[in-house]
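Report on the structure
The lines below spell out each chain.
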Amino acid sequence: MADDSRGWEFLTGFLLGSVVGAAVALLLAPQSGEETRELIRERGIELRDRADDATEEGRQRALRFSSDARERAQEARERGRVVLDEQRTRLQQAIDEGKEAAQKKREELLARLEEEKNKRAPSA
């Protein structure tokens, strides 16, 4: 962004310098009034064309920047979606493993409890 700012500062300075330089040259040139007015008109047209070109270039840069920003946002959104899906899958796996472990432990405890009951129960 700093390079873009410097580019615009340079372009602005260049255009301003061109206008001032042209005005001084026209005022100091040994020409008739009609010739001077014609030169001023031509320089004005040139300057307008340069300004139009600079404006169009700026517009194109803004469009490219906007398009690039949209692309990066879409990519970031997609990466976020992928990470979220991966985390959701991991969480579900952990829940399933926890359920299995709890069920296994429950069965072990019930089996132990049954054994204890059988040991304590009088044999008939």
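The structure presented is a predicted model; accordingly, all values stated were derived computationally and were not measured.

Some details on the pattern of salt bridges
In this structure the tally under the stated criterion is eight salt bridges. Between Arg 88 and Asp 85 there is a salt bridge, with the nearest N and O atoms lying 3.4 Å from each other. Placement of the pair is Arg 88 and Asp 85 together in helix 2 (residues 33-120), with a separation of three residues, close to one helical turn.

A closer look at a nonpolar patch on the surface
The grouping of Leu 16, Val 20, Val 24 and Leu 28 at the surface amounts to a nonpolar patch, some 400 Å² of accessible area in total. You can see Leu 16 is positioned in helix 1 (residues 2-28). What makes Leu 16 exposed here is its relative accessible area of 55%.

Some points on helix 2
Working note: α-helix, 3.6 residues per turn, so residues spaced by three or four point in the same direction. The terminal C-alpha atoms of helix 2, which comprises 88 residues, lie 127 Å apart, in line with the 130 Å expected from a rise of 1.5 Å per residue. Buried within helix 2 are the following residues: Thr 36, Leu 39, Ala 54 and Gly 58.

The rules behind these values
Residues numbered from 1 in each chain as written. Predicted model: local features only at pLDDT ≥ 70, side-chain atom pairs only at ≥ 80, totals over all residues. Heavy atoms only, no water. Salt bridge = Lys/Arg side-chain N within 4 Å of Asp/Glu carboxyl O. Helix = DSSP H or I, 4+ residues; strand = E, 2+ residues; numbered from the N terminus. Patch = residues over 30% accessible without salt bridge, like charges linked within 9 Å, V, L, I, M, F, W, Y side chains within 5 Å. Areas by Shrake-Rupley, 256 points an atom, 1.4 Å probe, with all protein chains shown as cover. Buried < 20%, exposed > 50% of the residue type's maximum accessible area, 1.4 Å probe, protein only. Expected span 1.5 Å × (residues − 1).

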